[in-house]
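Examining the three-dimensional arrangement
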Amino acid sequence: MVFHPDEDNCSASTLAPWGNVPSNPNRAQVQALCRAIIGNSTSGFDTQTYNAGTYGTGPDGFTRATPTFFPLEIAIFKGNPDLSVEEGRTWTVGAVFSNPFEGKFSHDWLDNLTLTMDFYHIELADTIAPISVQTVYNNCFNYNGSSNPTYDVNNIFCQKIRRNPVTGDRAEVDAPFFNLGSTETQGLDIQLNWSHDLGPGRFGITSLINWLDYFKYQDEPGGKVNDATGTLGGLVPAQGGMYEYKTSTTFSYMWENLYVGLNWRHLPAIKAEAAATN
């Protein structure tokens, strides 16, 4: 299941201006394309009456019944024998500080301290990743005026969409791997390790900090560059989000064959996936 931020292009409540909305001069063609993808003219898309008091009946008022919009889509990931080679350049700079305070104080509490820092910069060309559900729908419904100007159901993107023949709702979308364009990211990884004798055993702390400077990508060749930093967006659906930073700290105590650990993970506030493409 993947997030579908612009709602359903066939829905009267869609946020996409190229979808089934009164302001779209090509609305009739959009509705005909939705009907062709569904495969009949008797589904809920053409016959619904539950929105008579809001959007209207039939295709002019079609939305999902309850709730009006469900933000998830079934994506079927598939291989692609026509992929080109993905090319990348990576720059990394790292440093390790081991026991920097050893012998500098009258006590030994700051001994056994290790700090590791790794800066990275990655650039990818012809990035290989699954094409997003949103990109499939947008191209099928001619979002840019050139991806499907005749609103042909046989369009390569429209052929990846399947809708429920009874309700007219979204069903699933094929999401094969494509060479999607460029990807560029930069950040810093920091790890701190410290331990000290305590009682009969040894107490330790391990802390990891991942700081993301930026994550920019194209979700189709020649498309606009999206900045997913601080959002749930990104190239691979459900990959967990592009948090500006993440921390993970483990407190441990070891005594002979006994080990006890407590892990604390912190994630900051994050924006919705749609923020990456708006």
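Residues numbered from 1 in each chain as written. Predicted model: local features only at pLDDT ≥ 70, side-chain atom pairs only at ≥ 80, totals over all residues. Heavy atoms only, no water.

1. A closer look at the layout of surface pockets
The condition is simple: Here a cavity is any set of points on a 1 Å grid over the protein atoms alone where a 1.4 Å probe fits but cannot get out, and a pocket is any open set with protein on both sides within 12 Å along at least 5 of 7 lines; a residue lines the site when it has an atom within 4 Å of a point. Grid points are joined across faces, edges and corners, and a volume is the space filled by probe spheres set on the points.
Counted as a void, the second largest pocket has a volume near 210 Å³. Along its surface, the second largest pocket is lined by 15 residues, and Arg64, Phe70, Leu72, Asp169 and Arg170 are the ones closest to its centre.

2. So, a nonpolar patch on the surface
Cut-off, in case you're wondering: The patches described consist of residues with a relative accessible area above 30% and no salt bridge, like charges being joined within 9 Å and nonpolar side chains (Val, Leu, Ile, Met, Phe, Trp, Tyr) within 5 Å. Here the Shrake-Rupley method, with its probe set to 1.4 Å, supplies the accessible areas, and only the displayed protein chains count as covering residues. One side-chain nitrogen of Lys or Arg within 4 Å of one carboxyl oxygen of Asp or Glu is enough to make a salt bridge. Secondary structure follows DSSP: runs of H or I at least 4 residues long count as helices, runs of E at least 2 residues long count as strands, and numbering of each begins at the N terminus.
On the surface, a nonpolar cluster with roughly 270 Å² of combined accessible area is contributed by Trp109, Leu110 and Leu198. Following the sequence through the fold, Trp109 ends up in the loop between strand S4 (87-98) and strand S5 (113-125).

3. Regarding the packing of aromatic side chains
Test applied: Ring pairs are drawn from Phe, Tyr and Trp, using the six-membered ring of Trp, whenever the two centres fall within 6.5 Å, and their geometry is named by plane angle: stacked under 30 degrees, edge-to-face over 60, tilted for the rest. Note on geometry: a ring has a charge over it if NZ (lysine) or CZ (arginine) is within 6 Å of the ring centre and within 35 degrees of the ring normal.
The final tally for this structure, using the stated rule, is five aromatic pairs. Between Tyr137 and Phe141, the aromatic rings sit 6.1 Å apart at their centres with planes inclined by 5 degrees, giving stacked as the arrangement. With 6.2 Å between their ring centres and 70 degrees between their planes, Trp194 and Phe203 make a pair best called edge-to-face. In this arrangement the basic side chain of Lys216 is found over the ring face of Tyr214, its NZ or CZ atom lying 5.1 Å from the centre.

4. A short note on the pairing of strand S10 (residues 201-217)
This is how the line gets drawn: Strands are labelled as partners when DSSP assigns at least two bridges between them.
In this structure, strand S9 (residues 183-198) lies alongside S10, joined through 16 bridges in antiparallel fashion. Of the residues in S10, the one forming a bridge with Glu184 is Lys216. Connecting S9 to the antiparallel partner S10 that follows it, the hairpin turn spans two residues, and Gly199 within it adopts a positive phi of roughly 60 degrees. Examined bridge by bridge, S10 and strand S12 (residues 245-255) share 10 bridges and lie antiparallel to one another. The residue bridging Ser207 from the neighbouring strand is Thr249, located in S12. Both S10 and strand S11 (residues 226-227) contribute to a ladder of two bridges, which runs antiparallel. Bridging from a neighbouring strand, Lys216 pairs with Asp227 of S11.

5. Here we look at the pairing of S5
Regular strands have side chains that alternate between both faces of the sheet. Pairing analysis gives 12 bridges linking S4 to S5, with the strands arranged antiparallel. Note on S5: the bridge partner recorded for Ser98 is Thr114. Two elements, S5 and S9, share 12 bridges in a ladder whose sense is antiparallel. Its bridge partner lying in S9, Phe119 is registered against Leu188.

6. Brief notes about the nonpolar core
Let me state the cut-off plainly: The term nonpolar core refers to a set of buried residues drawn from Ala, Val, Leu, Ile, Met, Phe, Trp, Tyr and Cys, joined through side-chain atoms within 4.5 Å. Only protein chains enter the area calculation, which uses a 1.4 Å probe; residues under 20% of their type maximum are buried, those over 50% are exposed, and those in between are partly exposed. Only heavy atoms enter the contact rule, under which two residues are in contact if any of them lie within 4.5 Å.
In terms of nonpolar packing, the biggest core is built from 25 residues, with Leu33, Cys140, Phe141 and Ile161 touching the most fellow members. Of all the secondary structure elements, the ones that give two or more residues to this core are helix H1 (27-38), helix H3 (133-140) and strand S8 (170-179). When residues in this core are grouped by element, the largest group, five residues, is from H1. Once residues lying within four places of it in the same chain are set aside, the contact partners of Ile161 are Ile37, Val136, Tyr137, Cys140, Glu172 and Val173. Residues Tyr120, Leu212, Ala228 and Met242 belong to the second largest nonpolar core, which totals seven residues.

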